[in-house]
Amino acid sequence: MAIIVNVDVMLARRKMSCGELAEKVGISAANLSILKTGKAKAVRFSTLNAICKALDCQPGDVLAYESDTAE
């Protein structure tokens, strides 16, 4: 399973810093960094909702699935 986290892409599109997003979402910058780098094991729907609200986007803009099977 390869879930790709595109928070950094959306941050660039919205011209927003990680610190600003962390503050708006109500999570620490360290936790946002863990999510951004794809090291998070889970994300709460409330956190995903807050990220989408702050970035004015859909969950599919932030998360994507990519098959990890090599052909």
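Reading the values: the criteria
Residues numbered from 1 in each chain as written. Predicted model: local features only at pLDDT ≥ 70, side-chain atom pairs only at ≥ 80, totals over all residues. Heavy atoms only, no water. 1 Å grid on protein atoms, 1.4 Å probe; cavity = no way out; pocket = protein on both sides within 12 Å on 5 of 7 lines; lining within 4 Å. Points joined across faces, edges and corners; volume = space filled by probe spheres on them. Nonpolar A, V, L, I, M, F, W, Y, C, P; charged D, E, K, R; others polar. Helix = DSSP H or I, 4+ residues; strand = E, 2+ residues; numbered from the N terminus.

## Observations concerning the layout of surface pockets
Next, step 1: When its volume is computed, the largest pocket comes out at roughly 230 Å³.
Next, step 2: In terms of lining, the largest pocket is formed by 10 residues, of which the most central are I3, V5, A40, K41 and A42.
Next, step 3: Each residue belonging to the lining of the largest pocket can be placed in one class, and the counts come to eight nonpolar, one polar and one charged.
Next, step 4: Reported here for the second largest pocket is a volume of approximately 160 Å³.
Next, step 5: What lines the second largest pocket is I27, N31, I34, L35, A40, A42, V43, R44 and T47.
Next, step 6: For the lining of the second largest pocket, the element with the most residues is helix 3 (residues 29-36), which contributes three residues.
Next, step 7: Classifying every residue of the lining of the second largest pocket gives six nonpolar, two polar and one charged.

Everything listed here is a matter of geometry and, on its own, says nothing about what the molecule does.
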